Amino acid sequence: YFKSFRPLLLITSSITFGFLVGFCAVKICFSDFHIITLLFATTLIGIGIDYSFHYFFNKGIDKNFAKNLSFSYLTTAIAFLVMFLSKIELLKQISIFIIFGLLGIYLFVLFIYPVFKIDTKIRNFDFKISANSRKIILSVLLIVFIAGLFKTKFDDSLLNLYSPNKKLKQGEIIHNKLTNKNGQEINFLINQAQ
């Protein structure tokens with residue numbers, strides 16, 4: 001898109017930095033880190049790419065660049081702050097990850113990008129593809145799409161979201177063995193030795 005790897009490397013660096021900031025924030029705030037937090041929140045901090053585009057296209061033109069970028073971050077952070085009010089720890093983790101991840105990207109764009117002295121006045125990003133190349137690209141995408149369509153399987157079981165502590169899981173297995181005999185529940189007492 002930019003006919004250069006330099007902006008791509010900067011964008012990748014900013015999102016990686018945001019990921020590290022978000023990851024550290026969650027590790028500091030919570031004792032356990034859920035895998036869904038890592039997958040879901042990492043995807044969502046990808047919206048931080050807009051901060052880079054805002055920099056490339058508006059820096060030097062827009063006098064209110066920093067103000068607008070700050071307002072963009074704050075409105076997004078406030079929107080995800082609502083998730084922190086939930087009683088579900090997973091949503092709280094996602095909220096913290098996204099808020100601090102986007103903060104990392106915001107700070108990277110605001111303070112690190114100027115160090116690289118990117119020429120933001122160049123606005124000619126035309127990228128022409130020949131008709132034959134378009135046909136080849138579309139054919140490959142269509143083949144991959146059709147092949148993937150037949151291989152796609154969805155697992156919407158809520159049990160996959162349940163990952164108990166090892167001791168709790170062992171307790172549940174023992175309980176199920178003792179209570180699921182011929183459909184009848186067995187009552188038992190457990191005495192702890194002093």
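Please refer to the structure placed before this passage.
Residues numbered from 1 in each chain as written. Predicted model: local features only at pLDDT ≥ 70, side-chain atom pairs only at ≥ 80, totals over all residues. Heavy atoms only, no water.

1. Quick word on the overall build of the protein chain
For clarity, the cut-off: In DSSP terms, a helix is any run of H or I states spanning at least four residues, a strand is any run of E spanning at least two, and both are numbered starting from the N terminus. A simple rule labels every residue: compare its accessible area, found with a 1.4 Å probe on the protein chains alone, to the largest value its type can have, and call it buried under 20%, exposed over 50%, or partly exposed in between. It only takes one pair of heavy atoms within 4.5 Å for two residues to be counted as in contact. Residue exposure ignores everything except the shown protein chains as possible cover, and the areas themselves are Shrake-Rupley values with a 1.4 Å probe.
In terms of helices and strands, the protein chain carries seven helices and zero strands. N-terminal to C-terminal, the α/β element order of the protein chain is α-α-α-α-α-α-α. Counting the 194 residues in the protein chain, one finds 25% classified as buried. Within the protein chain, contacts between residues at least 6 apart in sequence are counted, and of these 76% link residues at least 24 apart. Only carbon and sulfur atoms are counted for the fraction: they give 66% of the accessible area of the protein chain, which is about 14,900 Å².

2. Regarding the side chain of Ser86
The residue Ser86 is located in the loop between helix 4 (65-84) and helix 5 (89-112) in this model. The buried category is assigned to Ser86, whose relative accessible area is 19%.

3. Some points on the nonpolar core
Rules: In this description, a nonpolar core means a group of buried Ala, Val, Leu, Ile, Met, Phe, Trp, Tyr and Cys residues linked to one another through side-chain atoms lying within 4.5 Å.
Core analysis: the largest hydrophobic core is formed by 27 residues, its most contacted members being Tyr51, Tyr73, Ile98, Leu102, Val109 and Tyr113. Of all the secondary-structure elements, those providing two or more residues to this core are helix 1 (5-29), helix 3 (49-58), helix 4 and helix 5. With ten residues, helix 5 is the largest single contributor of residues to this core.

4. A short note on the packing of aromatic side chains
Put simply, the test is: When two rings of Phe, Tyr or Trp (its six-membered ring) have centres within 6.5 Å they constitute a pair, described as stacked for plane angles under 30 degrees, edge-to-face for angles over 60, and tilted for the intermediate range. Charges are assigned to positions over rings by a cutoff of 6 Å between ring centre and Lys NZ or Arg CZ, combined with an angular limit of 35 degrees from the ring normal.
Tallied over the full model, the rule gives nine aromatic pairs. Seen in terms of ring centroids, Tyr55 and Phe65 are 5.6 Å apart; in terms of plane orientation they differ by 70°. Their pairing is edge-to-face. Of this pair, Tyr55 sits in helix 3 while Phe65 is found in helix 4, placing the two residues ten residues apart along the sequence. Pair check on accessibility: Tyr55 and Phe65 agree, each one buried. With a centroid separation of 5.1 Å and an interplanar angle of 75°, the aromatic rings of Tyr55 and Tyr113 are classed as edge-to-face. Note that Tyr55 is positioned in helix 3 and Tyr113 in the loop between helix 5 and helix 6 (131-151), a separation of 58 residues in sequence. Classification of Tyr55 as buried rests on a relative accessible area of 4%. Three or more aromatic residues link up through ring pairs in this structure, and these residues are Phe17, Tyr55, Phe56, Phe65, Phe108 and Tyr113. The ring of Phe84 carries Lys92 above its face, with NZ or CZ at 5.7 Å from the centroid.

5. What to know about the packing of helix 2 (residues 35-44) against helix 5
To keep it simple, the criterion reads: Axis definition: a line fit to C-alpha positions, over the contact stretch in the case of helices; interaxial angles, taken between N-to-C directions, run 0 to 180 degrees. Here the angle decides the label: under 35 degrees means roughly parallel, over 145 means roughly antiparallel, 65 to 115 means roughly perpendicular, and every other value means oblique. What makes a crossing left-handed is the near helix being turned counterclockwise from the far one by less than a right angle; a clockwise turn instead makes it right-handed. Amino acids are sorted into nonpolar (Ala, Val, Leu, Ile, Met, Phe, Trp, Tyr, Cys and Pro), charged (Asp, Glu, Lys and Arg) and polar (every other residue, Gly among them).
For the pair helix 2 and helix 5, the least separation of the axes is 9 Å and the interaxial angle reads 40°. Compared by their axis directions, helix 2 and helix 5 come out oblique. Remark: the crossing between helix 2 and helix 5 carries right-handed chirality. Residues Ile36, Thr37, Leu38, Phe40, Ala41, Thr42 and Leu44 of helix 2 touch helix 5, and the partners they reach there are Leu90, Gln93, Ile94, Phe97 and Ile98. Its residues assigned to classes, the contact of helix 2 with helix 5 comprises nine nonpolar, three polar and no charged.

6. Comments concerning the environment of Leu110
By secondary structure assignment, the location of Leu110 is in helix 5. Residues Leu110 and Ala66 lie 44 residues apart in sequence; the distance between their C-alpha atoms is 7.3 Å.

7. Here we look at a nonpolar patch on the surface
Which entries qualify depends on this criterion: A patch consists of residues exposed above 30% relative accessible area that lack any salt bridge, with like charges linked at up to 9 Å and nonpolar side chains (Val, Leu, Ile, Met, Phe, Trp, Tyr) linked at up to 5 Å. Salt bridges are defined by distance alone: a side-chain nitrogen of Lys or Arg within 4 Å of a carboxyl oxygen of Asp or Glu.
Taken together, the side chains of Leu107, Phe111, Ile112, Val115 and Phe116 present a nonpolar region at the surface, about 460 Å² in accessible area. Relative to the assigned elements, Phe111 resides in helix 5.

8. Details of the packing of helix 3 against helix 5
Running from N to C, helix 3 and helix 5 point in directions that differ by 15°, and their axes come no closer than 9 Å. One way to sum up the angle between helix 3 and helix 5 is to call them roughly parallel. For helix 3 against helix 5, the interelement crossing comes out right-handed. From helix 3, Tyr51, Ser52 and Tyr55 reach across to helix 5, where they touch Leu102, Ile105, Tyr106 and Val109. Broken down by class, the residue content of the contact of helix 3 with helix 5 amounts to six nonpolar, one polar and no charged.

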